[in-house]
Amino acid sequence: MSDAEPVDPDSAEDAPERDGAAVDDGPPTDADRDAAARGGLYALAARAMTEPDEQLHEALASGALDRECRRLLDRTTLDVEPPDLTTDDDRETVCARFNDLFVLGQTTVEDRTDGTIDAEGPDVSLYESGYRPEASWNDVNLDLARAYDYFGVEVDEQRRENHDHYRLELEFAGYLCRREAAVDPDAARARLDFLDRHLAVLAEGVDDALDGERGTGYYGELAAFCRRLVAADTNDLADRLEGEGEP
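Being a predicted model, the structure only gives us computed values, none of them experimental. Position numbers for residues start from 1 in each chain and track the written sequence from start to end. Owing to the predicted nature of the model, reporting of local features is limited to residues with pLDDT of at least 70; listing and counting of side-chain atom pairs is limited to 80 or more, with chain, interface and lining totals taken over all residues. Heavy atoms throughout the structure, all of them, feed into the side-chain values; hydrogens and water do not.

Colleague: Explain helix α6 (residues 166-181) to me, using residue names and the numbers behind them.
Modeller: In an α-helix there are 3.6 residues to a turn, and that puts residues three or four apart on one side. Counting from the N terminus, the helices are DSSP H or I runs at least four residues long and the strands are E runs at least two residues long. In a helix, the anticipated span is given by 1.5 Å times the number of residues less one. Here α6 spans 23 Å end to end across 16 residues, near enough to the 22 Å set by a 1.5 Å rise per residue. When you tally the buried positions in α6, you get 15 out of 16 residues, the bulk of the element. Looking one or two residues past α6, V183 carries a phi angle of roughly 65°, positive in sign. Partly exposed describes any residue whose relative accessible area lies between the buried limit of under 20% and the exposed limit of over 50%, with all areas from a 1.4 Å probe on protein chains only and scaled to the type maximum.

The structure is reproduced here in structure tokens:
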């Protein structure tokens, strides 16, 4: 399993994809292909929202990731404009951009006589709690931990990411899509609740934050696409589930 993903300890088939160049092309014949494709889109977005290794960079540079995204989007009923998930930059440049945007904070010396410094976080937070001033960090992460646990998935402890990390939330949305594709009657309503209460807030926050930055590369395209995807998926689920009783 990868170093920052919700994983189902009982099923390797349900684990999020590790290859940004492609997503599983062959869902079971009795699966909901629309839901399966949406799951693939969330998994692809989660893979792309990282500092690229050689494999991911090759998928970006060759256009394979972009083609896969468009292929999956075409297999859904969602009316969402696809992003441009390509780059002409070398891997070192893309990695530096990721770190400048999402990892490295700003440090300013306030008083040179005693060495006092003012340290700030990165320009763009990848954590939902950073966009939830009305809720405590503990409340946000505890709610997510309960949701992950309810569906039998867990966060890989090797990297020790918090539950509200963007990649984890994207992967969990994809997991719920695959649950729906496998005809789990609870998964669609659970995804609607999760998107509305958590991932939509994070997707909007990251997109707005990146919109104020210069030189975001494909990360700006990806963040805007994730926002559109979450909004369209949420609206579609709400329309489909409207009028249904609680499970």
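More follows now that the structure is in view.
Colleague: Explain the packing of helix α1 (residues 33-48) against α6 to me, using residue names and the numbers behind them.
Modeller: Orientation is described by axes fitted as lines to C-alpha atoms, over the contacting stretch for helices, and by angles from 0 to 180 degrees between their N-to-C directions. Between α1 and α6, whose axes approach to 8 Å, the crossing angle comes to 165°. The orientation of α1 with respect to α6, classified from their angle, is roughly antiparallel. Crossing of α1 against α6: the hand is left-handed. Taking contact as the criterion, the partners of A35, A36, R38, G39, Y42, A43, A45, A46 and R47 in α1 are, on α6, R167, L170, E171, A173, G174, C177, R178, E180 and A181. When residue character is reported, Ala, Val, Leu, Ile, Met, Phe, Trp, Tyr, Cys and Pro are called nonpolar, Asp, Glu, Lys and Arg charged, and the others, Gly included, polar. By residue class, the composition of the contact of α1 with α6 is ten nonpolar, two polar and six charged. Oblique is the label for any angle not covered by the other classes, which are roughly parallel (under 35 degrees), roughly antiparallel (over 145) and roughly perpendicular (65 to 115). Put simply, a crossing is left-handed when the front helix is turned counterclockwise from the back one by less than a right angle, and right-handed when it is turned clockwise. Contact between two residues is taken to exist if any of their heavy atoms lie within 4.5 Å; hydrogens are not considered.

Colleague: I'd like a rundown of helix α5 (residues 137-150), residues and numbers included.
Modeller: Taking 1.5 Å of rise per residue, 14 residues should cover 20 Å, and α5 covers 20 Å from first to last C-alpha, within 8% of that figure. Buried residues of α5: V140, N141, L144 and Y148, and no others. Down the axis of α5, the buried set is contained in an arc of 85°. They therefore lie on one face. Along α5, exposed side chains directed more than 90 degrees from the buried face belong to R146, D149 and Y150. Phi turns positive one or two residues past the end of α5, at G152, with a value near 70°. Starting at the helix axis, one direction is taken to each C-beta atom, and the arc is that of these directions.

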